[in-house]
Amino acid sequence: MDETEIRRLAVGHVLSVLAVLFSLCVPPLLFDHFSVLGTHLTWLCFCSVCVIAVNLLLLLTLKPNPSTKRSSLSNKVNKLYRSCLYFLASCLLFHGIIVLYGAPLVESVGETFFFAVLLSSFTTSRCLCILGPNFHAWVRVFSKDGAMSVWDHSLQITTICSVVGAWLGAFPIPLDWDRPW
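- The chain is annotated in an unreviewed UniProt entry as Phosphatidylinositol-glycan biosynthesis class F protein from Aquarana catesbeiana.
- In its Subcellular location (unreviewed entry) section, the UniProt record describing the chain reads: "Endoplasmic reticulum membrane".
- We quote the UniProt Pathway (unreviewed entry) comment for the chain here in full: "Glycolipid biosynthesis; glycosylphosphatidylinositol-anchor biosynthesis."

Have a look at this one:
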């Protein structure tokens with residue numbers, strides 16, 4: 001592994017952490033009576049936008065997988081369109097999985113969907129920025145021995161840790177269902 005790639009990857013991770021911290025610190029300055037628990041939907045939207053913005057910034061500045069061929073404007077628009085479709089599909093897929101794991105289907109549909117958007121922004125948007133909307137590259141990276149670069153290993157680790165962390169964070173929720181918190 002190249003040392004410069006590892007440094008660029010470390011900068012990317014530091015910027016991602018700073019995006020989450022930014023989403024915790026800035027909304028109280030912009031919105032009256034803001035709290036993460038009280039206005040959680042606003043925070044989920046703001047955090048998702050910050051993480052996606054940082055992922056796009058990383059794509060534009062660090063160029064983790066530079067393309068060797070020149071692409072036309074129509075090709076770039078097509079890739080953007082397909083990336084948006086992949087992101088929307090991942091939001092709907094995560095929403096369905098979250099409901100299947102026990103989230104209320106009708107009562108809290110907004111909270112569940114915005115959580116799915118947040119989970120997609122941590123997993124899918126990063127994959128789209130590094131791999132693009134190439135399904136075969138995604139299968140290659142997430143197969144058993146498919147990661148070939150430090151960026152691919154990073155995608156595997158951050159995606160799996162985001163999904164497992166979301167599941168572990170929701171695991172103790174049934175313990176509090178009968179409490180009047």
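1. Some remarks on the packing of aromatic side chains
Item 1. Tallying each qualifying case throughout the model produces 3 aromatic pairs.
Item 2. A centroid spacing of 6.1 Å and a plane angle of 25 degrees characterise the contact between Phe-22 and Phe-46, whose relative ring orientation is stacked. Of the two residues, Phe-22 sits in helix α1 (residues 3–25) while Phe-46 sits in helix α3 (residues 40–62), which places them 24 residues apart along the sequence.
Item 3. For Phe-22, a relative accessible area of 43% gives the class partly exposed.
Item 4. Geometrically, the ring pair formed by Tyr-86 and Trp-138 is edge-to-face, given 5.8 Å between the ring centres and 85 degrees between the ring planes. Here Tyr-86 is found in helix α4 (residues 73–100), whereas its partner Trp-138 is found in helix α6 (residues 135–142), with 52 residues between them in sequence.
Item 5. Classification of Trp-138 by relative accessible area gives buried; the value is 16%.

2. Concerning the pattern of salt bridges
Item 1. Enumeration over the complete set of coordinates arrives at 2 salt bridges.
Item 2. Its salt-bridge partner being Asp-152, residue Arg-140 comes within 3.1 Å of it at the nearest N-O pair. In this pair, Arg-140 sits in helix α6 while Asp-152 sits in helix α7 (residues 150–170), placing the two residues 12 residues apart along the sequence.

3. Topic: the packing of α1 against α7
Item 1. Across the interface, α1 lies against α7 with an axial gap of 10 Å and an inter-helix angle of 30 degrees. Judged on the interaxial angle alone, α7 and α1 are roughly parallel. Here the hand of the crossing between α1 and α7 comes out right-handed. For the pair formed by α1 and α7, the contact residues are Glu-5, Ile-6, Arg-8, Leu-9 and His-13 on the first element and Val-150, Trp-151, Ser-154 and Thr-158 on the second.
Item 2. Its residues placed into classes, the contact of α1 with α7 shows 4 nonpolar, 3 polar and 2 charged.

Conventions and cut-offs
For every chain, the first residue of its written sequence is number 1, and the numbers climb from 1 along that sequence. With the structure being a predicted model, the display of local features is reserved for residues of pLDDT at least 70 and the display and counting of side-chain atom pairs for 80 or more, all residues being used for whole-chain, interface and lining totals. Only hydrogens and water are set aside; all other atoms, that is, all heavy atoms of the structure, feed into the side-chain values. UniProt positions are given in the numbering used here, feature names are shortened, and annotations may be inferred rather than shown by experiment. To pair, rings of Phe, Tyr and Trp, with the six-membered ring standing in for Trp, must have centres within 6.5 Å; the planes then decide the type, stacked if under 30 degrees apart, edge-to-face if over 60, and tilted in the middle. In this text, helices come from DSSP runs of H or I with a minimum length of four residues, and strands from runs of E with a minimum of two, each type numbered from the N-terminal end. Using a 1.4 Å probe on the protein chains alone, a residue whose accessible area is under 20% of its type maximum counts as buried, one over 50% counts as exposed, and one in between counts as partly exposed. The salt bridge definition used is simple: a Lys or Arg side-chain nitrogen within 4 Å of an Asp or Glu carboxyl oxygen. Lines fitted to C-alpha atoms define the axes, with helix axes restricted to the stretch in contact, and inter-axis angles between N-to-C directions lie between 0 and 180 degrees. Oblique is the label for any angle not covered by the other classes, which are roughly parallel (under 35 degrees), roughly antiparallel (over 145) and roughly perpendicular (65 to 115). Put simply, a crossing is left-handed when the front helix is turned counterclockwise from the back one by less than a right angle, and right-handed when it is turned clockwise. Between two residues, a contact is recorded if the distance between any of their heavy atoms is within 4.5 Å. Note that Gly is not counted as nonpolar here; it falls among the polar residues with everything else outside the nonpolar set of Ala, Val, Leu, Ile, Met, Phe, Trp, Tyr, Cys and Pro and the charged set of Asp, Glu, Lys and Arg.

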